[in-house]
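Residues per chain are reported as follows:
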Amino acid sequence: MAKVIEGLYYSESHEYVRVEGKFGYIGITDYAQHELGNVVYVDMPEVDDEVEAGEEFGAVESVKAASDLNSPVSGTVVEVNEALEDSPELLNQDAFANWIIKVEMSNQSELLDLMDASEYKEFCEK
């Protein structure tokens, strides 16, 4: 079973959000990195780009597949994880420690549409 961390918010497309104040750190879940296999490239937006909940903001490419990244929340990108540009395999080493983008959220009520850890665990077991 893939690792699931309490206190994060999860989307059906296997992204998570870690909330710190008005900011959301968005990345892919352990389940997602496991399904993808060895990650070789992460396509990220630019700082100041707007992201919309449920909309694509980038992609993760692995040896066997490419997968779109969908933002679980809406807001403005304030930071991208530049370490992933040179070392995309960090997502395989620890998907939760290596977020992809940091967003200033424009509508925190969108978090209510996401799953908590126990709901996400059930979702992954289906």
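Structure shown above.
The structure presented is a predicted model; accordingly, all values stated were derived computationally and were not measured.

Calculation criteria
Residues numbered from 1 in each chain as written. Predicted model: local features only at pLDDT ≥ 70, side-chain atom pairs only at ≥ 80, totals over all residues. Heavy atoms only, no water. Helix = DSSP H or I, 4+ residues; strand = E, 2+ residues; numbered from the N terminus. Buried < 20%, exposed > 50% of the residue type's maximum accessible area, 1.4 Å probe, protein only. Lys, Arg positive; Asp, Glu negative; His and termini not counted. Salt bridge = Lys/Arg side-chain N within 4 Å of Asp/Glu carboxyl O. Contact = heavy atoms within 4.5 Å. Pairing = 2+ DSSP bridges. Axes fitted to C-alpha atoms, helices over the stretch in contact; angles between N-to-C directions. Arc of directions from axis to C-beta.

S.K.: Tell me about the side chain of Glu-110, and please be specific about residues and values.
M.R.: Relative to the helices and strands, Glu-110 resides in the loop between strand 9 (101-105) and helix 4 (117-125). There is no salt bridge for the buried Glu-110, and the closest opposite charge comes from Lys-22, which lies 15 Å off by N-O distance. Setting aside residues up to four positions removed in sequence, Glu-110 forms contacts with Ala-53, Val-73 and Ser-74.

S.K.: Go over the sheet that holds strand 7 (residues 66-70), please, and point to the residues and values.
M.R.: Taken in spatial order, the 3 strands line up as 4-6-7 in an open sheet, and their pairing is antiparallel. Two strands close off the open sheet at either side, each with one partner strand: strand 4 (39-43) and strand 7. Neighbouring strand axes in the sheet, compared pairwise and without regard to direction, differ in orientation by 20° on average. In this structure, strand 6 (residues 56-62) lies alongside strand 7, joined through 5 bridges in antiparallel fashion. Looking at strand 7, one finds that Glu-61 is bridged to Ala-66.

S.K.: Could you give an account of helix 4, with specific residues and numbers?
M.R.: Within the sequence span of helix 4, burial applies to Ala-117, Tyr-120 and Cys-124. Considered in projection along helix 4, the buried side chains sweep an arc of 60° and stay on one side of the axis. Across helix 4 from its buried face, at more than 90 degrees, point the exposed residues Glu-122 and Glu-125.

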